[in-house]
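Summary of the model geometry
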Amino acid sequence: MKAERYVNGRKTRIAVLIFTVVVVALFHFLIPTAPHTYHKIHIVLRKLYFLPPVMAGAWFGLRGAALTTAVISVVFVAHAIVDWPGNYMEQANQLGELAGFWVVGLVPGWLFDRRRALMESLARANEETLLALVSALDMRERNTRLHSQRVREYTLLLANRFGVAERERRAIGLGALLHDVGKIAVTDRVLLKPAGLTEDEWREMRRHPGEGYRLLRRIGFLREAAEIVYAHHEHYDGTGYPRGLKGEEIPLGARLFMVADVFDALTSERPYHEAMGYQQAARVIRENRGKHFDPAVVNVFEAIRPEEWEKVRKRFADANGDTSIR
Ligand SMILES: [Fe+2]
């Protein structure tokens, strides 16, 4: 596992694999088969040929293992012919060794392919379960199904442009998707009231980031997302809730989300306002630079062309909602 952490990219893995094949082949070709002492070392080092098929199987699955084993087979057979001309027994022995490479390469390759397929289906099941949950919540509050998914995509659009690392991106996406999960604890009377909440009702409404955090923090793979959920109503200038966090005290994911969520709210038809066009919404966002929003995130927002927002909007447009940003 430790090695996995250092050998991450596909290109790096291919380079390490080629390097290993070359080093093993060099050992094999350069260490002589006589006298006996050298021959013993030669035989031991020959076992290193098992390494590349296993590495390829673990990193690239069955196809990678087959390709790598084919390459080392060519090198290995060439050597067996050169080193043992006419020695039938030794050549048969070498062929046996060669069969071993194939078994040792193909079995892990097959197992890794299976593991990958299982992981993918598990991730898909996870995603579908979460989508069902947030769609149900969106339907209850807004009579639309895709609000949370759209806001997740907007947040990820900002995160990509911000240069957020892949691992952090995942947590940010989950946090944006689940941001309002705590509203499950808010009564219908308060949640569905069109306007004019009393002080007590506001207090109940403002509990939802904390409730969401408490729900999610117990779930291992959602722990980082829970932090974003907890902070999704914090403002850059410290005027948000529930903790009144300020500036960089607010997790980056929540700062990105805040701009995405407001952009979505402004450009969507709501009972209390018409949908705004891009320019008008962008003006509101600019006006709140350094107030509600992190100035760096607003800069990134402005660097993204209106058509890119529109593309996301179209992909996640509700059937009963407005389908374009004017
Ligand atoms: Fe919220």
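Residues numbered from 1 in each chain as written. Predicted model: local features only at pLDDT ≥ 70, side-chain atom pairs only at ≥ 80, totals over all residues.

A look at the overall build of the chain
In terms of regular secondary structure, the chain is built from 15 helices and zero strands. On C-alpha atoms alone, the chain measures out to a radius of gyration of 29 Å, which is more than a quarter above the 20 Å that the 2.2 N^0.38 rule sets for 326 residues. Intrachain contacts of the chain at a sequence separation of at least 6 include 62% that bridge at least 24 residues. (Helix = DSSP H or I, 4+ residues; strand = E, 2+ residues; numbered from the N terminus. Rg over C-alpha atoms; globule rule 2.2 N^0.38 Å. Contact = placed C-beta atoms within 7 Å.)

A few points about the nonpolar core
One finds L158, A225, V229, L256, V259 and A260 to be the most contacted residues of the largest nonpolar core, which totals 43 residues. Of all the secondary structure elements, the ones that give two or more residues to this core are α6 (147-162), α7 (166-177), α10 (208-216), α11 (223-230), α12 (252-267), α13 (278-287), α14 (295-303) and α15 (306-315). Sorting elements by how many residues they give to this core places α12 first, with eight residues. Dropping the residues within four chain positions of it, L158 is found in contact with L256, V259, A260, V297, V300 and F301. By size, the runner-up hydrophobic cluster in this structure holds 12 residues, among which are V21, A56, F60 and F76. (Core = buried A, V, L, I, M, F, W, Y, C linked by C-beta atoms within 7 Å. Buried ≥ 20, exposed ≤ 12 C-beta atoms within 10 Å, placed from the backbone.)

What to know about the domain arrangement of the chain
The assigned domain composition of the chain is domain 1 (2-118) and domain 2 (143-315). The gap between the C-alpha centroids of domain 1 and domain 2 is 52 Å. (Domains from an automatic or database assignment.)

Some remarks on α10
Those residues of α10 lying buried are H208, P209, G212, Y213 and L216. The buried residues of α10 all sit within an arc of 140° when viewed along its axis, so they share a single face. Where α10 is buried, its residues contact α9 (199-205) and α11. (Arc of directions from axis to C-beta.)

What to know about α6
Given a rise of 1.5 Å per residue, 16 residues ought to cover 22 Å, and the 22 Å separating the end C-alpha atoms of α6 matches this to within 8%. The buried count for α6 comes to 13 of 16 residues, which makes it a mostly enclosed element. The first or second residue beyond α6 is G163, which carries a positive phi of 80°. (Expected span 1.5 Å × (residues − 1).)

Focus on the environment of E302
As for its placement among the helices and strands, E302 is situated in helix α14. When the 12 C-beta atoms within 10 Å are taken as the criterion, E302 is described as exposed. Here the alpha-carbon distance between E302 and A282, two residues 20 residues apart in the chain, equals 7.7 Å.

Brief notes about unusual backbone geometry
Cis geometry marks the peptide bond from Y241 to P242; its omega dihedral reads 5°. By secondary structure assignment, the location of P242 is in the loop between α11 and α12.

Some words on the packing of α12 against α13
Two elements in contact, α12 and α13, have axes separated by 9 Å at closest approach and are oriented at 140°. Relative to α13, the element α12 is oriented oblique. The two elements α12 and α13 meet at a crossing, and its hand is right-handed. For the pair α12 and α13, the contacting residues are V259, V262, F263, L266 and T267 in the first and A281, V284 and I285 in the second. Among the residues making up the contact of α12 with α13, the classes are represented as seven nonpolar, one polar and no charged. (Axes fitted to C-alpha atoms, helices over the stretch in contact; angles between N-to-C directions. Parallel < 35°, antiparallel > 145°, perpendicular 65-115°, else oblique. Left-handed = near helix turned anticlockwise from the far one by under 90°. Nonpolar A, V, L, I, M, F, W, Y, C, P; charged D, E, K, R; others polar.)

Things to note about the environment of A80
Locating A80 in the fold gives a position in helix α4 (residues 51-83). Here A80 falls in the partly exposed class, since 19 other C-beta atoms lie within 10 Å of it. A sequence separation of 12 residues divides A80 from A92, and the C-alpha atoms of the two residues are 9.6 Å apart.

Some remarks on the packing of α10 against α11
Where α10 meets α11, the closest approach of the two axes is 8 Å, and the angle between their N-to-C directions is 175°. In terms of their interaxial angle, α10 and α11 are classed as roughly antiparallel. In this structure, α10 uses P209, G210, G212, Y213 and L216 to contact α11, whose residues at the interface are A225, A226, V229 and Y230. Split into classes, the residues belonging to the contact of α10 with α11 amount to seven nonpolar, two polar and no charged.

Here's the deal with the confidence of the model for the chain
It should be kept in mind that the predicted coordinates are not to be read in detail where pLDDT is low. Across the chain, the average pLDDT comes to 89, with 95% of residues at or above 70. Every residue in residues 1-6 scores below 50 in pLDDT, and together they form zero contacts with partners more than four places removed in sequence or on other chains. (pLDDT = per-residue confidence, 0-100.)

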